[in-house]
Amino acid sequence: MKAFLVAFGIGVVLAGATGAQAYHRFWSNCNYDAPTFMTTMTRDAAQDYANAARYEGYQWGGGCWNYDDVDSYPYDTPGDPSAHGEGGDCSGLTFKTWRESTDDWRDGRYYWRALRNVHGPYTAGDFRNGVGAPNHVIGKATAGVMDAFASSTHIGMIFTRSLYGGDQIVEAKCEACGTNIFYRTYRSDPSYGGVARWGWTG
Amino acid sequence: MRRPGIRSLAGGAAGIVAGVIGGIALTSVSAASGPTPAAPGIDAVHIPPVLTLAGEPVRLRYAIVCAPRDDGEPCDGSGSVFVRAGQSGPFRQLTLRRGEDSNDGRYFVDLPREVASSRAGFSYYAVLRGGVNGAEITVPAGGEAAPHRSVPLGAAAEVPLGVHVFGRGRAPDERVVAAAWGSEVGQAGLVGSRELGFVGPSSFDVATDGSVAVLDQVNTRVERWSRSGVKATPVEVSGGLADFVLEPEGTMDVLEPPNRVSPAPVLRSFRGDGTLRWAQRLSDRTWAKLAAGPSGPVVQQQPSEQWLPVAEHGAALSRPAQAGHGRIGRPFASGREVVVERVGTGELRLAELAGDVVRSWRITSATPLGEVQLAEPYGNHLVVVTKTYTDDQSEYVTLVLDRSGVVSSFAVESLEWAESAPLARFRLAGDSLYRLGSTRAGLFVDRFDLEVSR
């Protein structure tokens, strides 16, 4: 019994070590439920969905969050997908908001709940190039609400335009930035292109 | 030392396994929030038609943003607009209708013709409701005390720009700052990677003595270039893409974005020596631009889409006090304000107000127009810097306007290798326009003399 108790203590300490903790951190709350196939996908429902991810943090390669308005792991190592923290990254947030399939040849609408851990098959650069059946490139001047601007390194969705000609962008930009709505000038930035999802229904 | 028995080894192994499992469970429970989602609050989107053309019908549109529904359908909202002709008197309540399309805002109301075409313009605010808990939001945040104001553009000077020809940018008169990337004094901080993109100093300002102050937030300092050299002043900032202004008496204001631990934007006011005077949360969730107003810093904020004061005479204003003093234009020391509205793809409406519209301009361009970086009075003129762009090119267009149209204009090449704050690329000081730019080699500030008598 004495050996068991001593070893139990060692085990608890080991569990707190970075490797084990990283693997089982926020993602231990996430699920792998099937998405709900939808016939509708409106721009304002997409605003609702992306807006609710605000404050929930950023995770490189991630796509799982709750709605408690706190990033449960705000100091993950940037660019480390094994950190398993809360939040999506830029392309993961876009993929889920745009109700896309993990199969890039499907263009149907798949509703993923917040705690469903899925990033999707696309990088920001893929979106930039219109890769995948649901996605396409558009002219930046015509990009509207919940269309997006993407570069080779980042994608953000248009929450709305603004008086001064920039856009309010909902995005998961970096670990320190978290997920939020920021005023950006991607529309006029040559490193960004306009991209959109086919199939909005209203 | 006694050799361990089989039972001890088995007990130890079982203990380690149980401990690891227990420890993981404990850290998961303590570190992560539970899986039960809480309902997010309500938010809203509205772009006010601040400058209207004669006879133009006015439809006010709102997006009501609330917690995502489990069935994936949009928020079921409702609301009213309280509107009046002119800028005083009682408001009349109009109920918002719900449309089929949400691209420009699903909820709308068409203003009665006598209100929309009033010579004194009109003013209004909206109260919006939505979500399962019936949350409510007022837009603009100041409501009845500081409603949106819309004024007729009147007899505006028409400024057709035609098709922009790229590649004819004017050379600067002087490069007043040139700093390599780095952390030494005289260098400028750079953070990022080829995979994530690069961020450099996010904003700058020009003092009355002509010295140039750069917010080097990556190195948590303000660097000041003058004829006598470079001086660095440490400031405690988060490192995010912030805007920055120097107030006339030397106070340094830094407008921080939200970040991973502080979900709301904050204005920090620093003394000239870099010590913090105060920090104040903004009224709204998002900011576009920080500027020095007649009695303190003012910020263009969303969703109100107004300029709100954040401090007056050195003292920070509470969030309700900010909201209660919102206005559509940026205020200047002359008592006038400049109103900006980018419309559609290639139209820019501008007006200078002193109560009513004093003078106005309607700029149209065959090449799309982007953001308005700067619109400020310059003697009897108005200086405007806006961006024009195609899908793969961009350039800034600088216009010096008088009552009848364009007095002078020139293009400025957009050299923006590292990201900065969105509307912080240009400053007007003295008789010159200053531009913050960057290349792979480092940061620079260029000066363009306006060569127009005030």
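Quantities reported herein were computed from a predicted structural model and do not represent experimental measurements.

J.: Before we move on, could you go through the overall build of chain B and cite the residues and values that matter?
T.: A tally of helices and strands in chain B yields 3 helices and 38 strands. Expressed as a percentage of contacts within chain B between residues at least 6 apart in sequence, the contacts between residues at least 24 apart total 50%.

J.: Describe the sheet that holds strand β36 (residues 426-429) of chain B, listing the residues and the values that go with them.
T.: Within a sheet, adjacent strands bond to each other through the backbone by hydrogen bonds, running parallel or antiparallel. Residue and element names in this part refer to chain B. Taken in spatial order, the 4 strands make up an open sheet running β12-β38-β37-β36, and their pairing is antiparallel. Whereas interior strands pair on both sides, the edge strands pair on one side only; in this sheet they are β12 (174-180) and β36. Put simply, the sheet's adjacent strands are angled 15° from each other on average, direction ignored. When β36 meets strand β37 (residues 432-438), the two strands line up antiparallel, connected through 4 bridges. In the sheet register, Ala429 faces β37, and the bridge partner there is Ser432.

J.: Outline the confidence of the model for chain B, listing residues and values.
T.: All names here are of chain B. Put simply, chain B has an average pLDDT of 92, and 91% of its residues get 70 or more. Counting contacts from residues 19-39, a segment whose pLDDT is below 50, to residues more than four positions away or on other chains yields 49 contacts. Among the prediction metrics, the complex's ipTM stands at 0.91, with pTM recorded as 0.91.

J.: An account of the sheet that holds strand β9 (residues 178-184) of chain A is needed here, citing residue identities and associated values.
T.: Residues and elements named next belong to chain A. As summarised here, the arrangement of the 6 strands in space is β5-β10-β6-β7-β8-β9, forming an open sheet in which the pairing is antiparallel. Bordering the open sheet on either side are β5 (135-138) and β9, each of which pairs with just one other strand. Pairwise comparison of adjacent strand axes, ignoring direction, gives a mean angle of 35° for this sheet. Relative to β9, strand β8 (residues 167-174) runs antiparallel, the two being bridged by 7 bridges. Bridge assignment links Gln168 to a residue of β9, and that residue is Tyr183. Packing against the sheet, helix α4 (residues 90-97) makes contact with β6 (148-150), β7 (155-161), β8 and β9, and its axis sits at approximately 60° to β7.

J.: If you had to explain the pairing of strand β31 (residues 356-365) of chain B to someone new, which residues and values would you point to?
T.: Regular strands place side chains that alternate from one sheet face to the opposite one. Residue and element names in this part refer to chain B. With 5 bridges joining them, strand β11 (residues 157-162) and β31 adopt parallel strand pairing. Each residue of the ladder has a partner; that of Val159, found in β31, is Ile363. By the bridge criterion, 8 bridges tie strand β30 (residues 347-354) to β31 in an arrangement that is antiparallel. Bridging from a neighbouring strand, Glu352 pairs with Arg359 of β31. From the end of β30 to the start of β31, which pair antiparallel, there are 1 residue, and Gly355 there has a positive phi angle of about 85°.

J.: A description of the domain arrangement of chain B should follow, citing residues and the corresponding values.
T.: Residues and elements named next belong to chain B. Here chain B is partitioned into domain 1 (43-152) and domain 2 (158-449). Computed from C-alpha atoms alone, the centre-to-centre distance between domain 1 and domain 2 is 29 Å. The interface of domain 1 with domain 2 comprises 18 residues on the first partner and 18 residues on the second. Contributing elements (two or more residues each) for the side of domain 1 that touches domain 2: β1 (43-45) and β10 (148-152).

J.: Explain the nonpolar core residue by residue, including any values.
T.: Residues and elements named next belong to chain B. Among the nonpolar cores identified, the biggest contains 153 residues, and Ile64, Leu350 and Val384 are the most heavily contacted of them. A domain-level breakdown of this core finds at least three residues from each of domain 1 (43-152) and domain 2 (158-449). For Val384, the contacting residues outside a window of four places in its chain are Leu350, Val372, Leu374, Ala375, Leu399 and Leu401.

J.: So what's going on with the environment of B:Pro57? Residues and values would help.
T.: Residue and element names in this part refer to chain B. The topology assignment puts Pro57 in the loop between β2 (51-52) and β3 (59-65). Since 10 C-beta atoms lie within 10 Å of it, Pro57 is described here as exposed. With 237 residues separating them along the chain, Pro57 and Pro294 place their C-alpha atoms 35 Å apart. The contact partners of Pro57, leaving out residues within four places of it in the chain, are Asp110 and Ala116.

J.: Describe the environment of A:Ser91, naming the residues involved and giving the relevant values.
T.: All names here are of chain A. Position of Ser91 relative to the elements: it lies in helix α4. Residue Ser91 is classed as buried on the basis of its 25 C-beta neighbours within 10 Å. Taking C-alpha positions, Ser91 is 17 Å from Asp48, a pair spaced 43 residues apart along the chain. Not counting residues up to four positions away in its chain, the partners in contact with Ser91 are Gly120, Tyr122, Thr123, Ala124, Phe127 and Ile155.

Conventions and cut-offs
- In every chain, residue numbers begin from 1 and rise along the written sequence.
- To read the labels, note that chains go from A and ligands from 1, taken in the order they are written.
- The predicted nature of this model means local features are confined to residues of pLDDT at least 70 and side-chain atom pairs, given and counted, to a pLDDT of 80 or more, with totals for whole chains, interfaces and linings taken over all residues.
- The numbering of helices and of strands both runs from the N terminus, where a helix is a DSSP run of H or I of at least 4 residues and a strand a run of E of at least 2.
- In this description, any two residues whose backbone-derived C-beta atoms lie within 7 Å of each other are considered to be in contact.
- Strand pairing is assigned whenever DSSP identifies at least 2 bridges connecting the two strands.
- The axes are straight lines fitted to the C-alpha atoms, using for helices just the contacting stretch, and the angles between their N-to-C directions are given from 0 to 180°.
- Scored from 0 to 100, pLDDT records how confident the predictor is in each individual residue.
- Where a domain begins and ends is set by an automatic assignment or by a domain database.
- Throughout this description, the term nonpolar core refers to a group of buried Ala, Val, Leu, Ile, Met, Phe, Trp, Tyr and Cys residues whose C-beta atoms join them within 7 Å.
- Here a residue counts as buried when 20 or more other C-beta atoms sit within 10 Å of its C-beta, as exposed when there are 12 or fewer, and as partly exposed otherwise, the C-beta atoms being derived from the backbone.

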